[in-house]
Amino acid sequence: MSADFEAARFQEHLRSLRQRIEAQLAGCTEYGPEVPARLAAAIRHSLFAPAKRLRPLLVLMACEACGYGIEAALPAAAAVEFIHTYSLIHDDLPAMDDDELRRGRPTCHVAFDEATAILAGDAMLAQAFEIVAANCPAWALQSCLQELARAAGPGNLVGGQYDDLNPTELEQSLAGLERIHRRKTGALIKVSLRMGGAIGQASATQLAALERYGDCLGLAFQIVDDLLDLRGDESKMGKKTGKDSEAGKLTYPGLLGEAASQQRAADLIAEARQAAGTFGERGAYLEALARYVLERNH
Ligand code: GRG
């Protein structure tokens with residue numbers, strides 16, 4: 001098959017999975033009268049702004065790689081996007097990164113107000129667990145709930161964010177930087193793959209391959225994010241760029257230089273693609289997604 005045909009097939013698959021994800025998210029935000037209308041509007045404002053949907057795509061592609069249909073994995077895919085979106089809303093707050101633009105739209109606290117943005121995030125975090133608890137297949141329910149809670153909790157997403165806001169001397173090194181990113185960015189990426197695997201009834205070997213893929217993809221994603229913050233196009237990114245260097249933050253290009261950072265991202269993506277190879281033909285979409293993460297411009 002030609003490379004062009006493969007690329008077109010991947011793009012078509014992305015389009016079709018994203019359509020299913022959007023429909024699932026829409027279903028999750030059909031709120032009744034008990035949900036205040038303005039709170040619902042704030043949730044929809046952030047959730048339905050243009051986004052890549054990387055984490056839900058990983059849930060679905062991991063499940064497919066195990067030879068399972070995506071239907072059973074759609075709730076977990078929606079749940080992880082709820083948690084990711086909550087983390088963006090809270091990250092943008094004045095007490096944290098204080099951003100005015102996200103996903104090409106005014107941030108939630110700018111479009112609404114600070115209290116509404118805090119509550120929208122709180123609501124999405126809680127609802128994510130309701131979505132999984134009510135809809136995840138029985139065989140994967142306990143592991144999905146527990147692993148999702150751990151990935152979103154104090155040892156991962158929240159702890160990584162805390163250390164990013166309050167870096168200690170220990171974090172002023174490559175190992176320190178990676179410790180933050182494995183928790184702040186990597187944990188949600190990895191749990192997406194693990195949930196997809198659990199729902200797709202992955203074998204121990206397949207789960208280990210998904211984990212290695214997730215470890216490499218998560219770090220590479222962050223390196224590319226740092227590079228885009230330095231050189232990316234603000235209108236494509238849908239958020240303000242150059243913030244990390246302005247804030248004197250520790251970043252990969254700051255520590256390694258741009259060329260070495262690009263090389264490290266490429267090496268990690270090569271390792272992720274190798275891990276996807278464990279699934280043979282069925283891992284082709286995960287492989288293509290890893291390439292997309294390296295080549296992305298937003
Ligand atoms: C507030 C608990 C809490 C955590 C915040 C999300 C986050 C942790 C910080 C955001 C800062 C940042 C730029 C992290 C780098 C990686 C990242 C999460 C980028 C945004 O995710 P994308 O690129 O965005 O997948 P879309 O909008 O496409 O979903």
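The preceding data block contains the structure.
Let me sum up the structure you'll find in this document.

A look at the overall build of the chain
Thought 1: A count of helices and strands for the chain gives 15 helices and 2 strands.
Thought 2: Rg of the C-alpha trace for the chain: 18 Å, near the compact-globule value of 19 Å for 298 residues, within the 12% margin.
Thought 3: With the C-alpha coordinates aligned to their principal axes, the bounding extent of the chain is approximately 50 × 50 × 35 Å.
Thought 4: The burial tally for the chain puts 50% of its 298 residues in the buried class.
Thought 5: Intrachain contacts of the chain at a sequence separation of at least 6 include 73% that bridge at least 24 residues.
Thought 6: Accessible surface for the chain amounts to roughly 13200 Å². Of this, 54% is attributable to carbon and sulfur atoms.
Thought 7: Averaged over its 31 positive side-chain charges, the chain has a centre that lies 3 Å from the centre of its 40 negative ones.

A few points about the site of the ligand
Thought 1: Taken together, 21 residues sit near the ligand, with Lys52, Arg55, His84, Ser87 and Arg103 positioned nearest.
Thought 2: The separation between an oxygen atom of the ligand and a polar side-chain atom of histidine 84 is 2.8 Å.
Thought 3: At 2.8 Å, a side-chain N or O of arginine 103 approaches an oxygen atom of the ligand.
Thought 4: In the complex, the protein chains occlude 91% of the 710 Å² of accessible area that the ligand would expose alone.
Thought 5: Only α4 (74–91), α8 (157–165), α9 (174–199) and α10 (204–231) provide two or more residues apiece to the shell around the ligand.
Thought 6: With 6 residues, the top contributor of residues to the shell around the ligand is α4.
Thought 7: In the shell around the ligand, the residues fall into 7 nonpolar, 6 polar and 8 charged.

Conventions adopted
Residues numbered from 1 in each chain as written. Predicted model: local features only at pLDDT ≥ 70, side-chain atom pairs only at ≥ 80, totals over all residues. Heavy atoms only, no water. Helix = DSSP H or I, 4+ residues; strand = E, 2+ residues; numbered from the N terminus. Rg over C-alpha atoms; globule rule 2.2 N^0.38 Å. Buried < 20%, exposed > 50% of the residue type's maximum accessible area, 1.4 Å probe, protein only. Contact = heavy atoms within 4.5 Å. Areas by Shrake-Rupley, 256 points an atom, 1.4 Å probe, with all protein chains shown as cover. Lys, Arg positive; Asp, Glu negative; His and termini not counted. Charge placed at Lys NZ, Arg CZ, Asp CG, Glu CD. Near = heavy atom within 4 Å. Polar contact = N/O pair within 3.5 Å; in protein donor to acceptor, adjacent residues only side chain to side chain. Nonpolar A, V, L, I, M, F, W, Y, C, P; charged D, E, K, R; others polar.

As far as function goes, none of this settles anything; it's purely spatial.
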